[in-house]
Amino acid sequence: MKKNRAFFNNALVIRFLFVGGFLIRWFYILYTSIYERQHDVAYFDQDGHYGYISYILKNGLLPDFDPTTKFQFAHPPLHHLICSWWIDIQTNFFGLTFEEAAESLQYLTLLYGVALMYIAYKIFRYFGLKGLPLHIATCIVCFHPTFIFLSGSVNNDMLSTLLIAITLYFALKWYRDEKWKDLILSAITVGLALMTKSSAVFVALPIGFLILIKLIEHIKEHSFKRCFGQIATYGVISLPIGMWFHIYNLIRWNMPLFFVYPMPEGLPMYVGDVPVVKRLFDFSLGQFSSVYQQWLEYSEAGALSYNDYNPAITALKTSLFGEFVRDHTFDPKPEYRVYTYILFYSAAILAVGGFIYMIYNLARKFDSMYMEKLAMGAFFIFMMIGFYIASIKYPFECTMDFRYIPLTAMVGAFFIGVFVKQMTDKPKEERSRARSVAIYGTIILVAAFAMSSVMMFVGLYSINH
């Protein structure tokens, strides 16, 4: 009876977190137009992501011109194809006007956002998290602001993020069981992720690591033929799905495989004038005088602010507030500003603590799932390396946005869950005071993080209503 009650309580908490995560995302898209708090969408029948969608909708085919000549048309087309089909179905079968159908596009990204919560939960369960450690990790993903913002962002970020997470999940399952089903599903989803956004290539590195380890194991056991066949199958499935668009444009238009739109140095968001060493290693307290992202602004009297230039600090700020919540956002409702400070400092402690514990955990002696944990750590590190390379190569404020590496939050949540699991591995009566403080401190931090995140989105609603 006790066992059944414990299971029920565990399931009840997870359901509560899922329902809460769904409701805050739904609430957010209800008061957020498809032109509010968006990235690179522009307008329908013009350029940007909306122009890309409407071009496919009206012409029934992909652009037949050099996609680098029109803003955002160089992106792989899966998200834009789905959006064009969605609008077509809504207008032709359900009688919605174009404007109504376009506004409903956020229900697609809401679906992707809710699915990500579930996939993150499945990854945590794969590693054996349950009870409090599982609740902690799942709560962070359900109420992390970056995933809430992305659930209402009608570009290709949310779908790409979901597909990368699914790819990682099935790759982990394949590593454990070596089932063809998991291998094929991982190969399909990584192909679809690359067909959504080119930056999905970073998931290939930890998957390649898992495949290499498995191949070495089979070579040692003199049974590598089956594994080699699975690896070949993975490539045969994933590469055509994921790379056809890139290769086609390389051959026809000489577009680089992973093309990035150039930006002129004269833009106010340019930070290339700050020395690279300073950008990488300056963590001076002055950069925390505001918890919000700083953009250079001028008045007749001169500069009013500065550009954030440290990639790590900018990533932390944009992970919570995007480019949307700024110093004066809550001037009409200043009572909500306190929640943003609670959100920032609780998130900062969790982010730093999660990173430190990840490094500590991966440096410890091997356990039964060490390789999979190492793959999770490698996934985090490869994403951060790519993020830093892009930040240095393209030194602009917008390049350092956390939306390019959102799944680092999921990895961080996982290692925080592992920390709580290892702190609670002893019965309550046998725990040291330090362990108890660590457990309750983490619970308080995560609760403060989740509640302040919700209140920030309530505050955004209250500003205009």
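Residues numbered from 1 in each chain as written. Predicted model: local features only at pLDDT ≥ 70, side-chain atom pairs only at ≥ 80, totals over all residues. Heavy atoms only, no water.

Participant: Quick question: what am I supposed to make of the packing of aromatic side chains here?
Facilitator: The description of an aromatic ring pair rests on the distance of the ring centres and on the angle between the ring planes. Considering all chains together, one arrives at 38 aromatic pairs under this definition. Residues Phe-124 and Phe-414 carry aromatic rings whose centres are separated by 6.5 Å and whose planes lie at 10° to one another, so their mutual orientation is stacked. Of this pair, Phe-124 sits in helix α5 (residues 106–126) while Phe-414 sits in helix α16 (residues 407–423), and the two are 290 residues apart along the sequence. Here Phe-414 falls in the buried class, since its relative accessible area comes to 0%. An aromatic cluster is built from Phe-27, Tyr-28, Tyr-31, Phe-149, Phe-324, Phe-457 and Tyr-461, whose rings are joined through pairwise contacts. The residue whose ring lies beneath Lys-70 is Phe-73, and the NZ or CZ to ring-centre distance is 5.8 Å. (Phe/Tyr/Trp six-rings, centres within 6.5 Å; stacked < 30°, edge-to-face > 60°. Helix = DSSP H or I, 4+ residues; strand = E, 2+ residues; numbered from the N terminus. Buried < 20%, exposed > 50% of the residue type's maximum accessible area, 1.4 Å probe, protein only. Lys NZ or Arg CZ within 6 Å of the ring centre and 35° of its normal.)

Participant: When you look at empty space enclosed by the protein in this model, what are you seeing that I'm missing?
Facilitator: Over the atoms rolls a probe the size of a water molecule, and its path tells where empty space is left. In total, this model carries three cavities of 30 Å³ or more according to the counting rule given. Here the largest cavity is characterised by a volume of approximately 160 Å³. Every residue lining the largest cavity is counted, 15 residues in all, and those nearest its centre are Ile-164, Ser-199, Tyr-404, Ile-405 and Pro-406. Taken together, the elements giving at least two residues each to the lining of the largest cavity come down to α8 (157–177) and α15 (370–393). Here the lining of the largest cavity is built from residues that sort into nine nonpolar, three polar and three charged. Reported here for the second largest cavity is a volume of approximately 90 Å³. As for the second largest cavity, its lining consists of Arg-37, His-39, Thr-146, Phe-149, Leu-150, Ser-153, Thr-318, Gly-322, Phe-324, Asp-401 and Arg-403. Its residues assigned to classes, the lining of the second largest cavity comprises three nonpolar, five polar and three charged. (1 Å grid on protein atoms, 1.4 Å probe; cavity = no way out; pocket = protein on both sides within 12 Å on 5 of 7 lines; lining within 4 Å. Points joined across faces, edges and corners; volume = space filled by probe spheres on them. Nonpolar A, V, L, I, M, F, W, Y, C, P; charged D, E, K, R; others polar.)

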